[in-house]
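# Structural overview for review
What follows is the residue order along each chain.
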Amino acid sequence: LVVQDVAKVYFGLGARFGLDRLRAASGTIIAETPWQKQAVAAIVDDLFSYQSILASRVITEGNGKADTDPVDAWLTARVRVVERVEQTMRDFRHAASVDLAMLSVATRQLRTLLER
């Protein structure tokens, strides 16, 4: 596997689930206490970690067919979980404003992909 293939998977997952949007939204949250600031920072760290872990799994468990997008192939085997995650991300995108609870729930939904 070459670096470009790994990058394609990593950034493909990020684009598929809007992870840049989630991380950017974290910057709009007004954290009033040190605990809230730490919570937001931890969520951002988790998003990066989940993206890396998912990319690793897609690459490791991929079928290696050149004509198939490895991200789509991996996610196809997890349709129900992917549908729930994508619904949460759609709701997140359409929200008028973002708060810590929303960011936390969206991140938790993404984590369900790691559990399957």
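Residues numbered from 1 in each chain as written. Predicted model: local features only at pLDDT ≥ 70, side-chain atom pairs only at ≥ 80, totals over all residues. Heavy atoms only, no water.

## Brief notes about the packing of aromatic side chains
One pass over the full model with this rule turns up 1 aromatic pair. With 5.1 Å between their ring centres and 90° between their planes, tyrosine 10 and phenylalanine 11 make a pair best called edge-to-face. Residue classification places phenylalanine 11 among the exposed residues on the basis of a relative accessible area of 56%. The ring of phenylalanine 48 carries arginine 23 above its face, with NZ or CZ at 4.0 Å from the centroid. It is arginine 78 that lies over the ring of tryptophan 74; its NZ or CZ is 3.7 Å from the centre. (Phe/Tyr/Trp six-rings, centres within 6.5 Å; stacked < 30°, edge-to-face > 60°. Buried < 20%, exposed > 50% of the residue type's maximum accessible area, 1.4 Å probe, protein only. Lys NZ or Arg CZ within 6 Å of the ring centre and 35° of its normal.)

## Side note on the side chain of threonine 107
Counting through the fold element by element, threonine 107 comes out in helix α6 (residues 100-111). Those residues in contact with threonine 107, other than ones at most four positions away along the chain, are Ile43, Asp46, Leu47 and Tyr50. (Helix = DSSP H or I, 4+ residues; strand = E, 2+ residues; numbered from the N terminus. Contact = heavy atoms within 4.5 Å.)

## Quick word on the nonpolar core
Counting 28 residues, the largest nonpolar core has Leu13, Phe17, Leu22, Leu110 and Leu113 as the members making the most contacts within it. Where this core is concerned, the elements lending two or more residues are α1 (3-17), α2 (19-26), α3 (34-61), α4 (70-76), α5 (79-94) and α6. Looking at this core element by element, the count peaks at 7 residues for α3. In this structure, leucine 22 is in contact with Leu47, Met89, Phe92, Leu103 and Ala106, ignoring residues within four places of it in sequence. (Core = buried A, V, L, I, M, F, W, Y, C linked by side-chain atoms within 4.5 Å.)

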